[in-house]
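This is what each chain is made of:
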Protein chains: 2
Amino acid sequence: MELEKYRLYSEAARGIRKAPLVFRGARVFMAHTGEFVQGNVAVADGIILGVGDYSGEEEIDLTGKYLCPGFIDSHLHLESTLVTPGELIRQAACCGTTTFIVDPHESANVSGSDGIDYILKQTEDAPANVFVMMPSCVPATHVDDNGCTLTAGRMKSYVEHPRVLGLGEVMDAASVINGSVSMHEKLALFEKRVKDGHAPFLSPGDLAAYALAGISTDHECVDYEYAMAECRNGMYVLIREGSAARNLEAIVSGIVSSRTDTSFFCFCTDDKHIEEIKREGHINYNIKRAVQLGLPVEKALKMATIQAARCYGLSGLGAVAPGYQADLVVLDDLEELNVLEVYHKGRRILPDEKAGIAACPPGLKNTVHLKNFSMERLKLRHEGGRAHVIRMIQGQIVTEDLYEEVPFQETEGERLFVPEGDYLKIAAVERHKGTGKTGTGIVKGFGLKGGAVASSVSHDSHNLIVIGDNDRDMYLAVQELARTQGGYTLVENGRVYETLPLPVMGLMSDAGYETVNSLLKRMIARAHEMGIPEGFDPFITLSFMALPVIPEIRITPRGVYLAKEDRILETPFEQKKAE
Amino acid sequence: MELEKYRLYSEAARGIRKAPLVFRGARVFMAHTGEFVQGNVAVADGIILGVGDYSGEEEIDLTGKYLCPGFIDSHLHLESTLVTPGELIRQAACCGTTTFIVDPHESANVSGSDGIDYILKQTEDAPANVFVMMPSCVPATHVDDNGCTLTAGRMKSYVEHPRVLGLGEVMDAASVINGSVSMHEKLALFEKRVKDGHAPFLSPGDLAAYALAGISTDHECVDYEYAMAECRNGMYVLIREGSAARNLEAIVSGIVSSRTDTSFFCFCTDDKHIEEIKREGHINYNIKRAVQLGLPVEKALKMATIQAARCYGLSGLGAVAPGYQADLVVLDDLEELNVLEVYHKGRRILPDEKAGIAACPPGLKNTVHLKNFSMERLKLRHEGGRAHVIRMIQGQIVTEDLYEEVPFQETEGERLFVPEGDYLKIAAVERHKGTGKTGTGIVKGFGLKGGAVASSVSHDSHNLIVIGDNDRDMYLAVQELARTQGGYTLVENGRVYETLPLPVMGLMSDAGYETVNSLLKRMIARAHEMGIPEGFDPFITLSFMALPVIPEIRITPRGVYLAKEDRILETPFEQKKAE
């Protein structure tokens with residue numbers, strides 16, 4: 001702070017002169033002491049000067065209300081929300097989230113450093129604090145066919161960027177604990193910085209080795225016991241409540257019943273669609289759910305503010321105290337926890353203010369490259385015997401590897417798997433480099449009848465992924481996404497019911513969230529009518545079916561992949577390994 | 001960590017190979033979750049690999065015992081313990097303190113950067129982690145006559161020193177909040193680093209302005225209410241329990257009765273004599289007292305470990321978890337909390353191991369320079385009317401400014417103040433630059449009869465300070481300290497009863513703590529026999545009587561000083577200002 005400014009601020013803090021702006025009369029959440037205190041908050045130039053008996057040149061009356069520090073989403077992927085970063089941030093900010101710890105993992109997997117630059121550029125003038133963690137696993141695994149490779153060497157130029165905090169979620173736990181050179185070069189590059197984890201199912205010894213490498217957060221815990229194991233190993237637990245993965249109830253229930261010390265717990269959304277943000281909220285929803293489950297509101301607020309700030313070394317964020325940035329959330333009361341107003345650097349964020357959609361470099365809008373794709377590629381020969389089937393589970397991104405008899409038909413001398421009953425076909429089609437690779441498999445639990453759904457968002461490589469009950473509709477869906485250069489599409493009985501184009505890297509729309517929202521609503525409603533159970537978000541669930549780092553079984557352009565065995569199957573009918 | 005090493009460590013963490021060292025069977029304190037968990041702790045090269053089901057090449061059986069991270073003293077002055085830094089650290093380390101956040105404020109006030117270099121050098125090979133905060137107030141105030149001036153320019157070369165963490169206690173709150181250029185140059189130099197506070201009595205507005213300048217700790221809180229005020233302003237409260245200042249009971253009682261969130265509280269000793277460390281302990285005593293007062297042991301341990309580590313950004317300290325340094329304390333149980341064994345980087349610290357006393361540069365042993373000092377200088381003319389009297393308070397370093405009639409005698413036409421009853425004489429004699437300045441005043445409450453006590457340790461300028469009931473003994477005491485080039489001395493009826501020489505900058509002895517301890521015991525016992533109440537440590541209490549930053553009234557070589565008015569009195573008989 002410049003000395004001249006400090007002198008003015010000091011006089012206002014001491015009450016010698018009026019502060020430019022005062023929030024009057026609220027009960028203010030004191031993050032450091034975890035309590036509410038009645039007081040006026042003095043602000044100048046977006047900086048909090050003090051909480052006390054202040055009057056201001058401008059005053060905002062908050063009598064009877066509650067004032068909190070802005071909330072922090074400690075881990076999310078902006079791309080997963082389908083809209084451009086600026087739009088997502090404005091919507092989430094209206095829910096009280098004023099700080100975003102963003103991992104541009106998806107953009108990097110499609111477009112490498114151009115993708116990361118896009119995220120940095122698009123969030124430059126956002127009405128919120130946006131920090132970036134460098135994607136650590138691009139590609140995510142050795143079986144991924146993605147668009148780019150991000151080595152430690154290519155990351156170097158980002159280390160000193162003022163908004164780059166550390167290394168993004170390190171999914172490739174095996175490379176960490178086995179001491180892979182390329183992985184440890186990345187860890188070393190961010191030696192004194194935060195390194196985010198992603199390690200949901202490690203044995204106790206593996207988890208110790210993982211933490212020993214300096215990884216200090218995880219957002220993948222799905223239950224209380226594992227969350228505690230990670231925390232004991234010195235890791236912050238980022239409790240996730242997103243669109244596809246909802247871990248809050250399991251973890252917070254455990255915390256409440258065990259009266260756990262929550263100092264090293266924070267909140268995140270990871271992946272949350274804009275439509276759900278609009279409906280139920282963002283980090284404010286994590287807080288509300290936690291309080292409903294019995295967590296004291298003070299503890300929930302600390303998770304959402306000061307604890308996340310400390311986790312990421314953000315010294316001027318997460319509290320209402322002198323010198324902190326005036327990111328403020330006004331709440332109606334401590335039961336409903338409705339967000340009434342949100343301020344970033346002392347300026348109100350208005351929900352109806354249009355977010356400028358910044359232009360996207362043309363190269364990032366031309367990323368779907370297929371080679372000689374035909375219906376033939378979708379054929380899945382039935383080899384006899386039982387097949388590995390991907391069982392999809394409601395509300396989870398994990399899958400179960402079923403090994404069972406599946407239906408077939410003999411056609412023109414070929415014995416082919418044919419979708420029937422609850423058995424559907426799934427395919428992953430490489431789309432970055434036109435390699436022509438296409439993998440096919442069998443899923444259960446998705447329920448779709450008379451059509452296909454497809455997406456160019458499919459973690460982590462973001463190839464095209466499609467599920468259907470007939471090859472014609474699946475083929476049509478893939479072709480449709482090639483035409484729109486990415487998106488979500490729903491095909492019904494030989495025609496495209498609707499497509500949400502996502503032309504920015506095949507991940508995001510630049511048509512504005514209202515368009516995205518209304519298209520998506522219509523498509524989701526129709527998809528459920530076509531048989532997909534209500535517990536699934538058709539597109540988000542689909543988007544995780546190609547993610548090799550999550551157990552047990554996935555589809556990739558190279559074929560079906562068994563995560564625990566780290567093995568690509570030439571055909572789903574390959575024999576199960578003896579246990 | 002080198003990759004080759006990591007690979008070996010990872011294998012041991014995963015149980016593929018034996019760990020070199022395992023602590024077996026203890027209940028281990030998990031700092032991140034605030035709970036005890038049964039487990040074996042695997043260690044290699046002083047680094048913790050994991051807590052779990054490990055076996056080791058070497059095993060230390062701790063069945064039935066409790067294992068904690070090493071304790072952290074979040075603020076202390078090594079000089080105040082009278083022995084050389086290496087010795088103090090060994091003694092305190094045997095009490096479980098393995099990390100010391102040291103402010104070499106005293107050395108710097110006498111010898112400037114030579115004094116700081118001495119502290120850094122002497123602690124280089126200590127069996128503990130010693131970090132340094134750069135003394136911010138050398139001299140402490142504009143009324144101080146000290147040995148050196150430490151500007152931001154002179155501090156620059158220390159900023160990148162690996163053991164320098166930030167700026168030491170900023171006592172000169174007025175310079176901070178008024179925006180003094182020289183003070184803010186120092187604050188700016190340590191912009192992104194920790195800046196320790198020292199601000200026991202600020203008004204709410206002044207406290208906000210002080211915190212606004214980025215000051216983020218304080219160890220001077222004497223009561224719960226003020227501690228909470230500081231914490232709400234975003235400051236860590238370092239609860240102090242030292243030799244002279246004991247604030248733990250007041251603050252912890254408040255915490256217990258209000259069930260306060262203690263996330264931003266730590267422990268410190270500030271100033272603690274080696275003799276008291278030997279008798280009652282070090283940070284382990286803070287923990288024990290806090291638990292006796294009703295604080296849950298888990299909360300007390302977090303204050304002493306992980307919270308202090310986070311406060312100072314010490315990422316590998318303060319927990320028993322993978323990657324953390326193997327600084328470990330073995331406790332017998334959770335009631336007595338007796339420290340049985342202490343390990344630093346996995347190596348046991350043995351109490352009987354001799355600390356090497358490293359040589360001291362000759363210049364640092366020649367720092368007492370008087371000019372024409374004579375008994376005449378100690379005369380205090382009685383000007384008539386009432387006098388400002390320094391009332392000393394047991395267990396406190398604050399004083400009270402009494403304004404009352406005092407005894408006098410007429411001698412050779414002069415009307416002089418003469419000690420009588422509870423009124424004694426106090427004098428401060430400049431000793432750095434031979435300026436000849438001597439200030440005299442009147443004290444009450446010290447109780448000494450038939451002699452004088454003197455010290456070259458007198459915060460913050462460390463001039464000679466002496467209290468007596470007759471000028472002859474006071475003169476003799478000052479001459480004795482000039483002879484020994486610093487120390488503590490006790491003079492009784494015209495002869496030196498005993499002197500503890502402190503030749504290192506007039507602050508420390510290099511004769512070994514046994515010598516210091518036995519001399520000190522003898523001197524303190526005799527001083528109490530001579531009338532000093534049991535509630536006073538004669539020398540420590542004396543050493544604070546020249547400290548201008550603490551209210552209400554002090555003696556300096558320039559005369560009596562009224563702290564609240566920031567005013568030097570030409571004579572104690574100067575009229576009191578109308579209130």
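Owing to the predicted nature of the structure, the values given are computational and were not obtained by experimental measurement.

Reading the values: the criteria
- Throughout, residues of each chain are indexed from 1 in the direction in which the sequence is written.
- Each chain is given a letter, starting from A, and each ligand a number, starting from 1, according to the order in which they appear as written.
- Residue-level local features of this predicted model are given only where pLDDT is at least 70; pairs of side-chain atoms are given and counted only at 80 or more, and the full residue set underlies all totals for whole chains, interfaces and linings.
- Only heavy atoms go into the side-chain values, all of them from the structure, while hydrogens and water stay out.
- Secondary structure elements are defined from DSSP: runs of H or I of at least 4 residues count as helices, runs of E of at least 2 residues count as strands, and each element is numbered from the N terminus.
- Our radius of gyration is a C-alpha quantity, and the globule rule it is checked against amounts to 2.2 Å times the number of residues to the power 0.38.
- Per-residue accessibility, obtained with a 1.4 Å probe over protein chains only, is compared with the maximum for each type, and a residue is labelled buried under 20%, exposed over 50%, and partly exposed between these values.
- Note on contacts: a residue pair is in contact if any heavy atoms of the two residues lie within 4.5 Å.
- Positive charges come from Lys and Arg alone, negative charges from Asp and Glu alone, with His and the N- and C-terminal ends not counted.
- We put the charge of a Lys on NZ, of an Arg on CZ, of an Asp on CG and of a Glu on CD.
- In the sections that follow, a salt bridge refers to a side-chain nitrogen of Lys or Arg positioned within 4 Å of a carboxyl oxygen of Asp or Glu.
- Here's the idea: put two parts together, see how much 1.4 Å probe accessible area each one loses, and the total over both is what we call buried area.
- Side-chain atoms alone can form a polar contact between residues adjacent in sequence; in general such a contact is a pair of N or O atoms within 3.5 Å, and within protein one must be able to donate a hydrogen while the other accepts it.
- Only Asp, Glu, Lys and Arg are considered charged in this grouping, and only Ala, Val, Leu, Ile, Met, Phe, Trp, Tyr, Cys and Pro are considered nonpolar; every other residue, Gly among them, is considered polar.
- Pairing of aromatic rings covers Phe, Tyr and Trp, the last counted by its six-membered ring, and requires centre-to-centre distances within 6.5 Å; plane angles under 30 degrees mean stacked, over 60 mean edge-to-face, and any other angle means tilted.
- Only lysine NZ and arginine CZ atoms are considered, and such an atom sits over a ring when it is within 6 Å of the ring centre and within 35 degrees of the ring normal.
- Any two strands between which DSSP finds at least two bridges are classified as paired.
- Whenever a helix is involved, its axis is fitted only over the stretch in contact; in every case the axis is a line through C-alpha atoms, and angles between N-to-C directions fall within 0 to 180 degrees.
- Least squares is used to superpose the copies, and the fit set is the C-alpha atoms of residues whose pLDDT is at least 70 in both copies.
- The labels follow the angle: roughly parallel below 35 degrees, roughly antiparallel above 145, roughly perpendicular from 65 to 115, and oblique for the rest.
- The handedness criterion is simple: a crossing whose near helix is rotated anticlockwise from the far helix by less than a right angle is left-handed, and one whose near helix is rotated clockwise is right-handed.
- Only buried residues count toward a nonpolar core. Its members are Ala, Val, Leu, Ile, Met, Phe, Trp, Tyr and Cys residues joined through side-chain atoms within 4.5 Å.
- Throughout, the arc means that of the directions going from the helix axis to the C-beta atoms.

*Asks:* Give me the overall build of chain A: which residues, what numbers.
*Replies:* Within chain A, the regular secondary structure consists of 16 helices and 31 strands. Taking 579 residues into account, the globule formula puts the C-alpha radius of gyration at 25 Å, and chain A, at 25 Å, falls close to it. In terms of its C-alpha atoms, chain A occupies a principal-axis envelope of roughly 90 × 50 × 45 Å. Within chain A, buried positions represent 66% of all 579 residues. Considering only contacts in chain A between residues 6 or more positions apart, those separated by 24 or more positions represent 68%. Distance between charge centres in chain A, computed from 59 positive and 80 negative side chains, equals 2 Å.

*Asks:* Kindly report on the pattern of salt bridges, identifying the contributing residues and their values.
*Replies:* Two side chains of opposite charge can pair, provided their charged atoms sit close to one another. All names here are of chain B. The tally for this structure, following the rule as stated, stands at 66 salt bridges over all chains. As a salt-bridge pair, R391 and E400 come within 3.0 Å of each other at their nearest N and O atoms. For E400, a relative accessible area of 31% puts it in the partly exposed group.

*Asks:* With reference to specific residues and values, describe the interface of chain B and chain A.
*Replies:* In this complex, chain B contributes 51 residues to the contact, which on the side of chain A involves 51 residues. In total, about 3,700 Å² of surface goes out of reach between chain B and chain A, with carbon and sulfur atoms giving 60% of it. Ranking the residues of chain B by area buried against chain A places Y6, L212 and R232 of chain B at the top, with a combined share of 19%. Where chain B meets chain A, there are 4 salt bridges. For R232 of chain B, the salt bridge is made with E35 of chain A, and the minimal N-O distance between the two is 2.4 Å. Applying the counting criterion to the chain B and chain A interface returns 18 residue pairs in polar contact (both at pLDDT 80 or more). Listed by contribution, the elements that provide at least two residues to the side of chain B that touches chain A are α1 (3-13), β3 (35-38), β5 (47-52), α5 (173-177), α6 (181-189), α7 (204-212), α8 (224-232) and α13 (306-311) of chain B. If one sorts the elements of the side of chain B that touches chain A by residue count, α7 of chain B sits on top with 7 residues. A class-by-class count of the residues in the side of chain B that touches chain A yields 28 nonpolar, 14 polar and 9 charged.

*Asks:* Go over the packing of aromatic side chains with me, naming the residues and quoting the values.
*Replies:* In total, this model carries 14 aromatic pairs over all chains according to the counting rule given. Geometrically, the ring pair formed by F36 of chain B and Y66 of chain B is edge-to-face, given 5.4 Å between the ring centres and 90° between the ring planes. Taken together, the residues F36 of chain B in strand β3 and Y66 of chain B in strand β7 (residues 66-69) connect sequence positions 30 residues apart. The same class applies to F36 of chain B and to Y66 of chain B, which are both buried. Ring centres of Y488 of chain B and F539 of chain B lie 4.4 Å apart, and the angle between their planes is 5°; this geometry places the pair in the stacked category. Taken together, the positions of Y488 of chain B in strand β27 (residues 487-492) and F539 of chain B in helix α16 (residues 538-543) put the pair 51 residues apart, joining distant regions of the chain. Classification of Y488 of chain B as buried rests on a relative accessible area of 1%. Pairwise contacts between aromatic rings join F29, F36 and Y66 of chain A into one cluster. Seen from the ring of Y497 of chain B, R526 of chain B lies directly overhead, with NZ or CZ sitting 5.8 Å from the centre.

*Asks:* Lay out the sheet that holds strand β31 (residues 567-569) of chain B with the relevant residues and their values.
*Replies:* All names here are of chain B. Across the sheet, 3 strands lie side by side as β29-β30-β31; this open sheet has antiparallel pairing. Sheet topology places β29 (553-556) and β31 at the edges, where each strand pairs with a single neighbour. Across the sheet, the mean angle from the axis of one strand to that of its neighbour is 30°, orientation sign disregarded. As paired strands, β29 and strand β30 (residues 559-562) are joined by 4 bridges and run antiparallel to one another. In the strand pairing of β30, I555 is matched with V560.

*Asks:* Give a description of the side chain of R163 of chain A that names residues and reports values.
*Replies:* Residues and elements named next belong to chain A. For R163, the position within the fold is in the loop between α4 (152-155) and β11 (164-170). Among buried charged residues, R163 stands out as having no salt bridge; its nearest opposite-charge side chain is E124, 4.9 Å away. Reaching out from R163, the side chain makes a polar contact with the side chain of T123 at a distance of 3.0 Å. Residues within four places of R163 in sequence aside, it is in contact with L120, T123, E124, V130, F131 and V132.

*Asks:* Break down the sheet that holds strand β1 (residues 19-24) of chain B for me, citing the residues and quoting the values.
*Replies:* Residues and elements named next belong to chain B. On the basis of which strands lie adjacent, the open sheet formed by 4 strands has the order β5-β4-β1-β6 and mixed pairing. A single partner strand is all that each edge strand has here, and the edge strands are β5 and β6 (56-61). Sheet twist, expressed as the average angle between the axes of neighbouring strands with direction ignored, equals 25°. Pairing of β1 with strand β4 (residues 40-44), which is carried by 3 bridges, proceeds in the antiparallel orientation. Paired with V22 across the two strands is A42, which belongs to β4.

*Asks:* I'd like a rundown of the relation of the copies chain B and chain A, residues and numbers included.
*Replies:* Turning chain B through 180° and shifting it by 0.0 Å along the axis lays it on chain A, with an RMSD of 0.0 Å. Given the turn and translation reported, the copies of this chain are related as if by a two-fold rotation axis. By C-alpha distance to the rotation axis, the residue of chain B lying nearest is S263 of chain B, at 3.8 Å. Same-surface contact between copies: 100% of interface residues of chain B are shared with the interface of chain A.

*Asks:* Lay out helix α12 (residues 297-304) of chain B with the relevant residues and their values.
*Replies:* With respect to burial, α12 of chain B is a largely interior element, 6 of its 8 residues being buried. Taken as a whole, α12 of chain B has its buried residues at V297, A300, L301, K302, M303 and A304 of chain B.

*Asks:* Could you give me a rundown of the packing of helix α9 (residues 248-258) of chain A against helix α11 (residues 283-292) of chain A, with the residues and numbers involved?
*Replies:* Residue and element names in this part refer to chain A. The N-to-C vectors of α9 and α11 enclose an angle of 45°; their axes lie 9 Å apart at closest approach. With respect to each other, α9 and α11 are oriented oblique. When the axes of α9 and α11 are compared, the crossing they make is right-handed. The residues of α11 that touch α9, namely those facing L248, E249 and V252, are N286, R289 and A290. Partitioned by chemical class, the residues of the contact of α9 with α11 number 3 nonpolar, 1 polar and 2 charged.

*Asks:* A description of the nonpolar core should follow, citing residues and the corresponding values.
*Replies:* Within the largest apolar cluster, 362 residues are counted, with the highest numbers of intra-cluster contacts made by Y210 of chain A together with Y210 of chain B. If sequence neighbours within four positions are ignored, Y210 of chain A has contacts with V170, A173, V176, I177, G197, H198, A199, L202, I215 and M235 of chain A together with Y6 of chain B.

*Asks:* Quick rundown of the environment of G494 of chain A? Include the residues and the values.
*Replies:* Residues and elements named next belong to chain A. Looking at the element boundaries, G494 is found in the loop between β27 (487-492) and β28 (495-501). Judged by its relative accessible area of 34%, G494 is partly exposed. In sequence terms G494 and A452 are 42 residues apart; their C-alpha atoms lie 9.4 Å from each other. Ignoring sequence-local partners within four residues, the contact set of G494 consists of R472, D473 and L476.

*Asks:* Report on unusual backbone geometry, specifying residues and quantitative values.
*Replies:* Residue and element names in this part refer to chain A. Omega for the bond connecting H459 with D460 falls within 30 degrees of zero, at -10°, which places this linkage in the cis form. Of note, D460 is situated in the loop between β25 (451-455) and β26 (464-468). The step from P551 to E552 runs through a cis peptide bond, and the omega angle for that step is 0°. As for its position among the elements, E552 is in the loop between α16 (538-543) and β29 (553-556). For M505, which is not glycine, the phi dihedral falls at a positive 60°. Mapped onto the secondary structure, M505 falls in the loop between β28 and α15 (513-529).

*Asks:* Tell me about α1 of chain B, residues and numbers included.
*Replies:* Three- or four-residue spacings in an α-helix give side chains the same orientation, since the helix completes a turn every 3.6 residues. Of all the residues in α1 of chain B, the buried ones are Y6, Y9, S10, A12 and A13 of chain B. Seen along its axis, α1 of chain B keeps its buried residues to an arc of 160°; they face one direction. On its buried face, α1 of chain B is in contact with α5 (173-177), α6 (181-189) and α7 (204-212) of chain A together with β1, β4 and β5 of chain B. G15 of chain B occupies a position one or two residues after α1 of chain B and carries a positive phi of about 80°.

Function-wise, these values are silent; they only describe arrangement.
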